[in-house]
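Read off the chains here:
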Amino acid sequence: MAAPTAPHPGRLLLVALLLPALAGCWSFDRPVDSDDPTEAAPGQVTLLGAGATFPYPIYARWFSLFHREQGVRINYQSIGSGGGIRQMIEGTVDFGATDAPLTDEDLERIPGTLSIPTVLGAVVLTYNLPGVEAEIRLDGEILAGIFLGEIRRWRDPRVLAMNPGVEFPDRDIIPVHRSDGSGTTYVFTDYLGQVSAAWRTRVGTGNAVRWPTGLGARGNEGVTGQVRQAPGAIGYVEQVFARQNGLPMARVRNARGEFVAPSIAATTAAAAGLADRIQDDDFRLSIVNADADGAYPISAWTYLLVSPQMRDCARAGALLEVIRWALLERESDVRELNYAPLAPEIRLRALEALKVVRCGSESRPVFPADRDFRSEWAAMGGEVTP
């Protein structure tokens, strides 16, 4: 297997995880190269993953919580969604992570790859305006104007009209954007493309776009750092990064004309009715600019990318068990980090979708076809839709 691109030291998460030997799962008493997905050797299973920075805080939390029960190591490189997709295509990782849905072109290169949603989050506009204490208000047209380079000063009449009573400094606006292939960029440009015809025709949507203006930085961490250092700056990041750095976040006008602050409730509102839109276990759906009361308009979910056929059954079993554990048992971590949990029905459907995953030379199923995740969820006290 070729070595993946070396990550920035601050983005390398190498922690040990112990997957409990659950009844009906696997016992750690066989060599790691076993063709049996239910068996693996203790301390010998290592999973390599790479991709999105958007979910990095919650993935780091999950991995750290399992560190005390060491047994399976997960080396996750937070290099951006574009890098995660690329390494899945190159076959250098066991799983990828992305906020941007796989395109049909991607799927031609990695046929059958599953996009398994894990959490919902908000892409926020964070800014550095010394002396401004009030939450500022922005809408899609103003944001498009800023990142197109057409609105250049904080005292632009359009900004002032949307924020009566706010004393903006008389300084330049410094837009900060991602310089790497980024799912966060995809979500932000997807939103701008839906609300601004000028953005849609001149720039468009994608993991990486040709920015008309502004400073570039790698990762959510890089954008956050640039905003902190530059008075007058504004950038888009996953909200956890803004909160952890004590940076303010703008209220953004949604499809119903409400100025909404990012929150768990507002992100959850953006995903209302999402389960009804999923067809044939294809979770590649946008939820930006949702037409719902209280919805934060730049919301998204993020995915783990899982191959339908894995060579090593021990690693396949470990990967699917990590996903099951996270989706069914770790909702409290999601809320504590200000992500929003997926609706139970979506989590259960995601686990059912994983039943297609096979491993080894004989293409054995990793999750048995008759495994009842709905009953497992109910046994944990979870509510199940009839």
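Residues numbered from 1 in each chain as written. Predicted model: local features only at pLDDT ≥ 70, side-chain atom pairs only at ≥ 80, totals over all residues. Heavy atoms only, no water.

A.B. asks: Honestly, the environment of Tyr 236 in this entry has me stumped. Any pointers?
C.D. replies: Examined against the element boundaries, Tyr 236 turns out to sit in strand β9 (residues 233-238). When the C-alpha positions of Tyr 236 and Val 124 are compared, they lie 5.4 Å apart, and in sequence the two are 112 residues distant. Only 2.6 Å separates the side chain of Tyr 236 from the side chain of Thr 185, close enough to count as a polar contact. (Helix = DSSP H or I, 4+ residues; strand = E, 2+ residues; numbered from the N terminus. Polar contact = N/O pair within 3.5 Å; in protein donor to acceptor, adjacent residues only side chain to side chain.)

A.B. asks: Can you help me understand the sheet that holds strand β11 (residues 259-260) in this one?
C.D. replies: Sheet architecture is open: three strands sit in the order β6-β10-β11, paired in mixed fashion. The sheet is open, and its two edges are formed by β6 (137-138) and β11, each paired on a single side. For strand β10 (residues 251-253) and β11, the ladder comprises two bridges, and the chain directions are antiparallel. Its bridge partner lying in β11, Arg 253 is registered against Phe 259. (Pairing = 2+ DSSP bridges.)

A.B. asks: Looking at this model, I keep getting lost on unusual backbone geometry. Mind explaining?
C.D. replies: Where the residue is not glycine, phi is negative for most of them; where a peptide bond is considered, it is trans in most cases. Located in the positive-phi region is Asp 281, a residue other than glycine, with phi close to 55°. Of note, Asn 289 is a non-glycine position whose phi angle comes to about 55°, a positive value. Topologically, Asn 289 is positioned in the loop between α11 (274-277) and β12 (299-306).

A.B. asks: Please clarify how the packing of helix α12 (residues 313-329) against helix α14 (residues 344-353) should be interpreted in this entry.
C.D. replies: Two quantities define a packed helix pair, namely the angle between the helix axes and the distance between the axes. Contact geometry of α12 with α14 gives a least axis separation of 10 Å together with a crossing angle of 165°. For the element pair α12 / α14, the angle class is roughly antiparallel. By crossing handedness, the relation of α12 to α14 is classed as left-handed. In contact with Ile 323, Arg 324, Leu 327 and Leu 328 of α12, α14 contributes Arg 347, Leu 348, Ala 350 and Leu 351. (Axes fitted to C-alpha atoms, helices over the stretch in contact; angles between N-to-C directions. Parallel < 35°, antiparallel > 145°, perpendicular 65-115°, else oblique. Left-handed = near helix turned anticlockwise from the far one by under 90°. Contact = heavy atoms within 4.5 Å.)

A.B. asks: Would you mind going over helix α2 (residues 81-90) with me for this structure?
C.D. replies: Spacing of three or four residues puts side chains on the same side of an α-helix, whose turn is 3.6 residues. Across the 10 residues of α2, seven count as buried, placing the element largely inside the fold. Of all the residues in α2, the buried ones are Ser 81, Gly 82, Gly 83, Gly 84, Ile 85, Gln 87 and Met 88. Packed against the buried residues of α2 are β2 (45-51), β3 (72-78), β4 (95-98), α3 (104-109), α6 (183-195) and β12. Phi turns positive, to about 75°, at Gly 91, one or two residues after α2. (Buried < 20%, exposed > 50% of the residue type's maximum accessible area, 1.4 Å probe, protein only.)

A.B. asks: What is the right way to look at the packing of aromatic side chains in this model?
C.D. replies: Geometrically, a pair of aromatic rings is defined through the distance of the ring centres and the angle of the planes. With the rule as written, the count across this model stands at 15 aromatic pairs. The rings of Tyr 56, Tyr 59, Trp 62, Tyr 76 and Phe 95 are connected pair by pair, giving a single aromatic cluster. (Phe/Tyr/Trp six-rings, centres within 6.5 Å; stacked < 30°, edge-to-face > 60°.)

A.B. asks: What should I look at first to understand the pairing of strand β5 (residues 114-127) in this one?
C.D. replies: A regular strand places its side chains on the two faces of the sheet in alternate fashion. By the criterion of burial, β5 is predominantly enclosed, with 14 of the 14 residues buried. Here eight bridges tie β5 to β12, and the two strands are oriented antiparallel to one another. What sits directly across from Leu 120, in β12, is Trp 301. Pairing of β5 with strand β14 (residues 340-341) involves two bridges; the strand directions are antiparallel. The partner of Leu 120 across the bridge, within β14, is Ala 340. In the sheet, β5 pairs with β9 via five bridges, with the strands oriented antiparallel. Directly across from Leu 125, in β9, lies its bridge partner Tyr 236.

A.B. asks: Can you help me understand the packing of helix α4 (residues 140-148) against α6 in this one?
C.D. replies: It is at 9 Å that the axes of α4 and α6 come closest, and there the two elements cross at 115°. In this structure, the crossing between α4 and α6 has a hand that is left-handed. Contact residues: α4 offers Gly 140, Glu 141, Leu 143, Ala 144 and Phe 147, while α6 offers Phe 188, Tyr 191, Leu 192 and Val 195. Grouping the constituent residues of the contact of α4 with α6 by class yields seven nonpolar, one polar and one charged. (Nonpolar A, V, L, I, M, F, W, Y, C, P; charged D, E, K, R; others polar.)

A.B. asks: I keep staring at α12 and nothing clicks. Help me out?
C.D. replies: With 17 residues, α12 ought to run about 24 Å at 1.5 Å a step, and its terminal C-alpha atoms sit 23 Å apart, in line with that. Between the side-chain oxygen of the N-cap and the backbone nitrogen of Ala 314 there are 3.0 Å, and the N-cap of α12 in question is Asp 312. (Expected span 1.5 Å × (residues − 1).)

A.B. asks: What's the story with the environment of Gln 194 in this structure? I'm lost.
C.D. replies: Within the element layout of this structure, Gln 194 appears in helix α6. Under the relative-accessibility criterion, Gln 194 is labelled partly exposed at 41%. For the pair Gln 194 and Asn 289, spaced 95 residues apart in sequence, the C-alpha to C-alpha distance is 7.5 Å. The residues contacting Gln 194, other than those within four sequence positions of it, are Arg 200, Ser 286, Val 288 and Asn 289.

From the geometry alone we can't say anything about function, so treat these as descriptive.
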